[in-house]
Amino acid sequence: VNGAAPEPAPRRRGVAPRDDVALMEGYYSPQIDVDVRLNTNEAPESPPAAFLEELSGGIAGIAFNRYPDREAVALRSAVAELHGVGVESVYCANGSNEVLQSLLLAYGGPGRAVALFEPTYALHSHIARVTGTDVLAGRRDTDYLIEEGELERVIAEGERTHGGANPVLTFICSPNNPTGRVEPTALIERALRRAPGLVVVDEAYGQFAPSSALELGAVDNLVVVRTFSKTWSLAALRLGYAIAAPEVVEALFAVTLPYHLDALKQLAGRLALSYGDDMAGRVERLVAERRRLVAALGGLAVEVCPSDANFVLFRPTAKDAKQVWGELVDRSILVRDISTVPHLEGFLRVTIGAAAENDAFLAALRASLA
Ligand SMILES: Cc1ncc(COP(=O)(O)O)c(C=O)c1O
């Protein structure tokens, strides 16, 4: 039509993400192509060759045209057997991160709060926020352990601000990432007695530690979370699990997508558990390497935190941590730079690798600090 205003350019419409989501920063762990990767607490060894062979043979037996077992009974039974519990007490998911997400989907949400103790694994608070759950963050003491008084303070705050059943989840990461120490059993027991909701003990590094909350047996508000990513040399598989009361497992299933565990993963997880001796050997080797690395760090200008995990937190005392991190990268060694994380200023975290990798790290660190 003559004289009509030109059509405006098509505008990109669409809905914006939730305001709180738009402000969120995703989880970020920089990956750089280096020879020695000691930044994400993975296992240095690949899984046993016999396991991989058995897995390859097993693939032909999978009915790929069919949906997998929705309840993953064979896999969950194998995990149950490992821990001496009933299958109804086991929930499996795609990595322990998904276990944590299921816990927050089932028990968190608007108007609800969880307790945790910083500095700790960032995904606890991140997933809480993604699910609209409030986060009550307590502080660890100067040794990075949780003091009973602080536990009490944060739980009481949850009850006061959110009502009697809050905090609905109290997260205890033990051994704690990124600081490394296991919580004394007495602290876990105290939390189980005092917390109005569930106590979630994240034991991603549990096998490297001298004690585990699993030793407490069946306690109705205890949830122990573990993963195949570290000890079982299977970070690529994405498989984790929780040991919890059957009612909790039922609640987790209620928020889980149907058929969330593919058939290959169910098979691989089940087979891996029949290689327990190989895995125990790997843990022993890593614990021995950890001892060796910590002893060697003792002779350098760094402050070292005691560790019950497969990583060690350390702080260069005579040189800027970022500069040390960069000089390690220059020598093709990647450690985790956490030097700007609140309460961990100046610290770096190194994963325990194979002996040769640890030697390369120590040589590069010595050179950087010289
Ligand atoms: C404390 C802790 N929990 C859970 C996870 C997640 O492990 P995944 O999802 O690989 O099982 C990690 C990974 O680094 C971790 O450090």
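Heads up: the structure comes first, above all this text.
Reference entry: report on the structure contained in this document. The residue count restarts for each chain, going from 1 along the sequence in the order it is written. Only residues with pLDDT of 70 or above have their local features reported here, since the model is predicted, and side-chain atom pairs are shown and tallied only from 80 upward, although totals for entire chains, interfaces and linings are computed over all residues. With hydrogens and water excluded, all non-hydrogen atoms of the structure serve as input to the side-chain values.

This part takes up the sheet that holds strand β10 (residues 311-316). At least two DSSP bridges between two strands are needed for those strands to be called paired. For helices the rule is a DSSP run of H or I covering at least 4 residues; for strands it is a run of E covering at least 2, with both sets numbered from the N terminus onward. Across the sheet, which stays open at both edges, the 5 strands sit in the order β1-β11-β12-β10-β9 with mixed pairing between neighbours. With one partner strand each, in any of the chains shown, β1 (36-38) and β9 (302-304) form the two edges of the open sheet. Strand after strand, the sheet turns through a mean of 35° between neighbouring axes, direction not considered. Against the sheet, helix α11 (residues 321-330) engages β10, β11 (333-337) and β12 (348-351), with an angle of about 155° to β11. Helix axes use the C-alpha atoms of the stretch in contact, all axes being lines fitted to C-alpha atoms, and the angles between their N-to-C directions lie in the range 0 to 180 degrees. Contacts between residues were defined by any pair of non-hydrogen atoms, one from each residue, lying within 4.5 Å.

With that settled, the discussion passes to the site of the ligand. Looking at the ligand, there are 13 residues lining it, with Ser 96, Tyr 205, Thr 227, Ser 229 and Arg 238 nearest. Asn 177 is positioned such that a nitrogen or oxygen atom in its side chain is 2.8 Å from an oxygen atom of the ligand. Distance and chemistry together define a polar contact, namely a pair of N or O atoms within 3.5 Å, with one atom able to donate a hydrogen and the other to accept it when in protein, and with adjacent residues in sequence counting only for side-chain atoms on both sides. The side chain of Arg 238 places a nitrogen or oxygen atom 2.7 Å from an oxygen atom of the ligand. The protein chains shown are the only cover counted for residues, whose accessible areas, like all others here, come from Shrake-Rupley with a 1.4 Å probe. Considered on its own, the ligand offers 390 Å² of accessible surface; in the complex 93% of this is hidden by protein. In terms of residue class, the shell around the ligand is built from 4 nonpolar, 6 polar and 3 charged. In this text, near means that some heavy atom of the residue lies within 4 Å of the molecule or strand in question. Each residue is assigned to one of three groups, with Ala, Val, Leu, Ile, Met, Phe, Trp, Tyr, Cys and Pro labelled nonpolar, Asp, Glu, Lys and Arg labelled charged, and all others, Gly among them, labelled polar.

Turning our attention to the sheet that holds strand β5 (residues 169-173). Two strands in a sheet stick together by hydrogen bonds in their backbones, pointing the same way (parallel) or opposite ways (antiparallel). On the basis of which strands lie adjacent, the open sheet formed by 7 strands has the order β2-β8-β7-β6-β5-β3-β4 and mixed pairing. In this open sheet, the two strands that pair with only one neighbour each are β2 (90-93) and β4 (134-139). In this sheet, adjacent strand axes meet at a mean angle of 20° when their direction is disregarded. Note: strand β3 (residues 113-118) against β4, 6 bridges, orientation parallel. Across the sheet, the residue bridging to Val 114 is Val 135, located in β4. Lying over the sheet, helix α3 (residues 73-83) contacts β2, β7 (222-227) and β8 (240-243), oriented at roughly 125° with respect to β2. Docked against the sheet, helix α6 (residues 148-162) engages β3, β4 and β5, running at close to 155° with respect to β4.

Turning our eyes to something else, we now look at the environment of Pro 316. Turning to its location among the elements, Pro 316 is positioned in strand β10. With 30 residues separating them along the chain, Pro 316 and Gly 346 place their C-alpha atoms 7.2 Å apart. Look past the residues within four positions of Pro 316 in its chain and what remains in contact with it is Ala 301, Val 302, Ala 321, Val 324, Gly 346, Leu 348 and Leu 369.

This part is about the pairing of β8. Any residue under 20% of the maximum accessible area for its type is buried, any over 50% is exposed, and the rest in between are partly exposed; the area is computed with a 1.4 Å probe on protein chains only. Both faces of β8 are covered, namely the face carrying Gly 240 and Ala 242 and the face carrying Tyr 241 and Ile 243. Relative to β8, β2 runs antiparallel, the two sharing 4 bridges. What sits directly across from Tyr 91, in β8, is Ala 242. Across 4 bridges, the pairing between β7 and β8 is antiparallel.

Moving on: helix α12 (residues 355-369). By this rule, a helix spans an expected 1.5 Å times one less than how many residues it contains. With 15 residues, α12 ought to run about 21 Å at 1.5 Å a step, and its terminal C-alpha atoms sit 21 Å apart, in line with that. Buried residues belonging to α12 abut β1, α10 (276-297), β10, α11, β11 and β12.

On to the pairing of β5. The buried fraction of β5 is high, at 5 of 5 residues. Across the two faces of β5 the burial is the same, with Leu 169, Phe 171 and Cys 173 and Thr 170 and Ile 172 all buried. Of the pairings in the sheet, the one linking β3 to β5 comprises 2 bridges and is parallel in character. Pairing of Ala 115 across the sheet is with Thr 170, part of β5. When β5 meets strand β6 (residues 198-202), the two strands line up parallel, connected through 5 bridges. Counterpart to Phe 171 in the pairing with β6 is Val 200.

Looking now at the packing of α6 against helix α7 (residues 185-194). Two elements in contact, α6 and α7, have axes whose closest approach is 11 Å; the angle formed by their N-to-C orientations is 20°. Classified by the angle their axes make, α6 and α7 are roughly parallel. The interaxial crossing formed by α6 with α7 has right-handed handedness. Contacts from Glu 148, Leu 151, Glu 152, Ile 155, Ala 156 and Glu 159 of α6 reach α7 at Ala 186, Leu 187, Arg 190, Ala 191 and Arg 194. Working rule for angles: under 35 degrees goes down as roughly parallel, over 145 as roughly antiparallel, 65 to 115 as roughly perpendicular, anything else as oblique. In a left-handed crossing the near helix is turned counterclockwise from the far helix by less than a right angle, and in a right-handed crossing that turn is clockwise.

Attention now goes to unusual backbone geometry. Cis rather than trans, the peptide bond between Glu 118 and Pro 119 has omega equal to -5°. With respect to the secondary-structure elements, Pro 119 resides in the loop between β3 and α5 (122-130). In this structure, the amide linkage connecting Asn 177 to the following residue, Pro 178, adopts the cis form with an omega of 10°. Tracing the chain through its elements places Pro 178 in the loop between β5 and α7. Phi is positive for Arg 238, close to 60°, though the residue is something other than glycine. Residue position: Arg 238 is located in the loop between β7 and β8. Judged by its relative accessible area of 33%, Arg 238 falls in the partly exposed class. Here the phi dihedral of Tyr 259 falls at roughly 55°; this positive angle occurs in a residue that is not glycine. Along the polypeptide, Tyr 259 turns up in the loop between α8 (246-254) and α9 (263-272).

Here we take up the nonpolar core. For our purposes a nonpolar core is just a set of buried Ala, Val, Leu, Ile, Met, Phe, Trp, Tyr and Cys residues, chained together by side-chain atoms within 4.5 Å. Within the largest apolar cluster, 32 residues are counted, with the highest numbers of intra-cluster contacts made by Leu 293, Leu 297, Leu 328, Val 335, Val 350, Phe 361 and Leu 365. For this core, the secondary-structure elements that each account for two or more residues are β1, α10, β10, α11, β11, β12 and α12. A per-element tally of this core places α10 first, with 6 residues. Not counting the four nearest positions on each side in its chain, Leu 293 is found in contact with Val 312, Val 350, Ile 352, Asn 358, Phe 361 and Leu 362. Listed in part, the 27 residues of the second largest apolar core include Val 114, Leu 116, Leu 198 and Val 249.

Note that every value here comes from positions in space, so none of it alone points to a role or purpose.
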